[in-house]
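Spelled out from the first residue to the last, the chains are:
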Amino acid sequence: MKRIALLFLFAAIAVTACGAKDHYSGTLITDGDHRIEAGQTLETVTVMLGGRLVIEDGGRLIGSILMLGGDLTVNGTVIGDVSAAAGAVRLGPDSTIDGTLLSADAEVSQSDGAVVDNFVDRVETDLDANRPAPWWQQALTLAIQLAIRAAIAYGLLLLLPRPLDRAAETLRRYPHIAAAVGVLAAIVILVLLVQMAFTVVLIPVSVGLGVLFVGALWLTNVVYGTALAPLAHKLFRDKRPSLATSGALATAGFALVFELLGRLPLAGAPLQLLVVTTGLGALILTRFGLRAYVAAPDRDLL
Amino acid sequence: MDARLPGKKGWLVTGFGLLLFSGMMAAGYLYNVTFIQLGLTDLGERVLSLSPTAVATRMAGFAVVTCTVALVFGWWMTRSGRGADFRWKAKAALAVLSVQALLTACVLAVDSAGEMSAWLLAAGAAMGAAVPVTFALTVDFVPVAARGWTAGLITATAYLSANLLPADWRIEVLAKDMLILMPLGLLLTAGLAFVRHPWIDQWANQHRDPSFGRGRYLPSAGHSRFPLRLLAVIAIMFAAFFIDSLGFLRLLDSPTHMLSAWQSNEPGVRLALGGVHVLGAAIGAVFYSYLDDKTLYLSIFGLFGLTHLLYTMAARSTGTPALAMPMLYALAVSMYTVVTFALWADVSTPKTIGVRAAVGVALSGWTATFLSTALALRWIEAGLPLTRHLQWVDAGAVLLFLSMILVIYFARSASPVNPKRGHI
């Protein structure tokens, strides 16, 4: 198992390090100013989340543009569709969109002389979908979610009591170490997944690892539940519930507190992030519960 | 032997000393990363109109002088037994700080290449003496158990201050900033050197307590494992500094990368970078204190590899680089800076701290700096493009990362894992 993991790690890093030049053509713009100059032709699918893209007069972009934000100024030519869900699109007098310009909530300004093959303005959106549900519906949804989490936690605690207990023990005894490891791991894993996806070759690996990562983040719920199981245990007084029962209850309780934590203004989201990454750290320190973690200050030097 | 004042007061004095030491070291490091590394480059290139190559050559010469003086001074400190003499170290620190203050005050009078070389020679000598003297004070102020956290505090304070200072890297501004800080440092060091006070007496005797005086990497018998294991660590730290310096030297030459990060006009960007440095320092402190050193080095090289990979990919495309790159960079740099501040005292006793800190800092830090400067200059002169330069740096970081994995894997296969060790 170790050898396979090592081989996989080597292969992933080696291929990622190659950079896969010219083997990908997706462009993701998140911030900053970007420019396609006169005489320049760029063949790529572009996704804009923010920032600014200017296609100058004489510049050509071959490929579709999907805008979820940002600012697009076209004075040259786009051969492909422009789908703007948000942000701003400015079409200069010499601009050409050889495709469909689709606008949802984007701000579109079109100069005289701009040529657009097909312009669909203000796609109707279901505004009712953005309205908050009534309180009873929210409460019911939350209750169902908590019940599902508790049920999954119960099943996992029946199947894997020792690994979860090891991770929970680490969380109880070394939260600061778990937090440090978890924060670093989360940052690196996220960046690595995005980078691997850019190489195209590694998209399947990236997706697979992404699923595992999300699964690990979800598992932190159960780890917290297991760590808090002794508290839930006390609720039963004379009865002696199993670890699975008290752990499942504690998982539901934790999930409720976690949900409420997120509603705190400003500090809510960072605190939630810290809580989740600390749980992730506990899982990593125990290698997903495969062995107990003991911090020892008296270590050898290499 | 208990060197502390009785009761809680003794602990309070230790804590205050620790904060005092952290402040002084952070100020010293801030002086190094801003005034020396950035200000002197500005002096050479903007004020004296020297070519970047001429300035870099002089800076490499400065590193050689610093390295040599540090080794000689550290060796002499250990041989003469000064490393265990707190008052002497405080007096030496005062002398070094006075020279540095004087040099900082007259830096604006430098108006030729020759004068700059002479100035750098004097500054290199002062800096070289400062390395063993200031690092040797660790055994007087910082208990072994708190070294990781103290190093984290020093790193966080220095880098946060460096990022919060106005993004003006002109020598005039930096010299003024440093001259405001220096009188306070002179006053404090003079107090440590000459004032008789129970608190200072406690600090002067703390190194006699094994919880201060015996580094965590030394076996209980008190004999160190020098030189083999220390050399291995020096080699690893050298590699970390070399990779960092080789990459950063070229990025310094790329306005797009600097103006969107460390030299950004937006305080929010610099604050975010400062925040990431603090986060990196905290992670480094925890890793140093509770995890094995292999995990720490793996993290550092892994981060460097990833960062340079991002820079390489960004350099191929058009447009402004994302803030994620300098942030990852800041994380890695903070982590290894923590190790630099904590490690050398942990492989030493009060008697040997002078030479070991000098050997460690000089061979890993300064040697890496001038060698990477020389290599970067050679590549720039040869017309190596930015992308290719960063690819080499990236390859180096990934190679080191993979080598560390192999070393750890085979080391573990060869010997059973100690279940008491804190590793991932």
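Once a new chain begins, its residue numbering starts again from 1 and follows that chain's sequence as written. Chain letters and ligand numbers both follow the written order, the letters beginning at A and the numbers at 1. Residue-level local features of this predicted model are given only where pLDDT is at least 70; pairs of side-chain atoms are given and counted only at 80 or more, and the full residue set underlies all totals for whole chains, interfaces and linings. As a rule here, side-chain values come from all non-hydrogen atoms in the structure, and water together with hydrogens is ignored.

## Notes on the confidence of the model for chain B
Detailed conclusions should not be drawn from predicted coordinates in areas where pLDDT is low.
All names here are of chain B.
Then step 1. Averaged over every residue, the pLDDT of chain B is 83; residues scoring 70 or more account for 85%.
Then step 2. Here pLDDT means the predictor's own confidence in every residue, given as a number from 0 to 100. Starting at the N terminus, helices and strands are each numbered in turn, a helix being any DSSP run of H or I of at least four residues and a strand any DSSP run of E of at least two. Here helix H11 (residues 255–259) is the element of chain B with the lowest mean pLDDT, 60, and helix H3 (residues 86–105) is the one with the highest, 94.
Then step 3. For residues 413–424, every residue scores under 50 in pLDDT, and the model assigns this stretch 33 contacts once sequence neighbours within four places are set aside.
Then step 4. Across the predicted assembly, pTM comes out at 0.78 and ipTM at 0.80. Two residues qualify as a contact provided that any one of their heavy atoms is within 4.5 Å of a heavy atom in the partner residue.

## Describing the pattern of salt bridges
Residue and element names in this part refer to chain B.
Then step 1. A side-chain nitrogen of Lys or Arg and a carboxyl oxygen of Asp or Glu constitute a salt bridge if their distance falls within 4 Å. Applying the stated criterion across every chain yields a total of 10 salt bridges over all chains.
Then step 2. Two residues, Asp201 and Arg87, come together in a salt bridge whose shortest N-O distance is 2.9 Å. Residue Asp201 is located in helix H8 (residues 198–205), and its partner Arg87 is located in helix H3; the two are separated by 114 residues in the primary sequence.
Then step 3. Each residue is placed in one exposure class: buried if its accessible area under a 1.4 Å probe, protein chains only, is under 20% of its type's maximum, exposed if it is over 50%, and partly exposed if it falls in between. With a relative accessible area of 28%, Asp201 lands in the partly exposed category.
Then step 4. With a relative accessible area of 11%, Arg87 lands in the buried category.
Then step 5. Across the salt bridge formed by Arg147 and Asp346, the nearest N and O atoms sit 2.8 Å from each other.

## Observations regarding the environment of Val359 of chain B
All names here are of chain B.
Then step 1. Relative to the helices and strands, Val359 is located in helix H15 (residues 353–381).
Then step 2. We classify Val359 as buried; its relative accessible area is 13%.
Then step 3. Counting along the chain gives 288 residues from Val359 to Leu71, while the straight-line C-alpha distance between them is 6.0 Å.
Then step 4. Residues contacting Val359, with those up to four places away along its chain left out, are Leu71, Ile234 and Ser364.

## Section: helix H2 (residues 52–79) of chain B
All names here are of chain B.
Then step 1. Given a helix with a known number of residues, its expected span is that number minus one, times 1.5 Å. For H2, spanning 28 residues, the distance from its first C-alpha to its last is 40 Å, which sits close to the expected 40 Å at 1.5 Å a residue.
Then step 2. Among all positions of H2, only Ala54, Val55, Ala56, Met59, Ala60, Phe62, Ala63, Thr66, Cys67, Ala70, Gly74 and Met77 are buried.
Then step 3. Positive phi shows up at Gly81, right after H2, with a value of about 75°.

## Some remarks on the side chain of Thr286 of chain A
Residue and element names in this part refer to chain A.
Then step 1. Examined against the element boundaries, Thr286 turns out to sit in the segment after helix H8 (268–285).
Then step 2. Here Thr286 falls in the buried class, since its relative accessible area comes to 0%.
Then step 3. Among all residues touching Thr286, those that are not within four sequence positions of it are Arg166, Ala167, Thr170, Arg291 and Tyr293.

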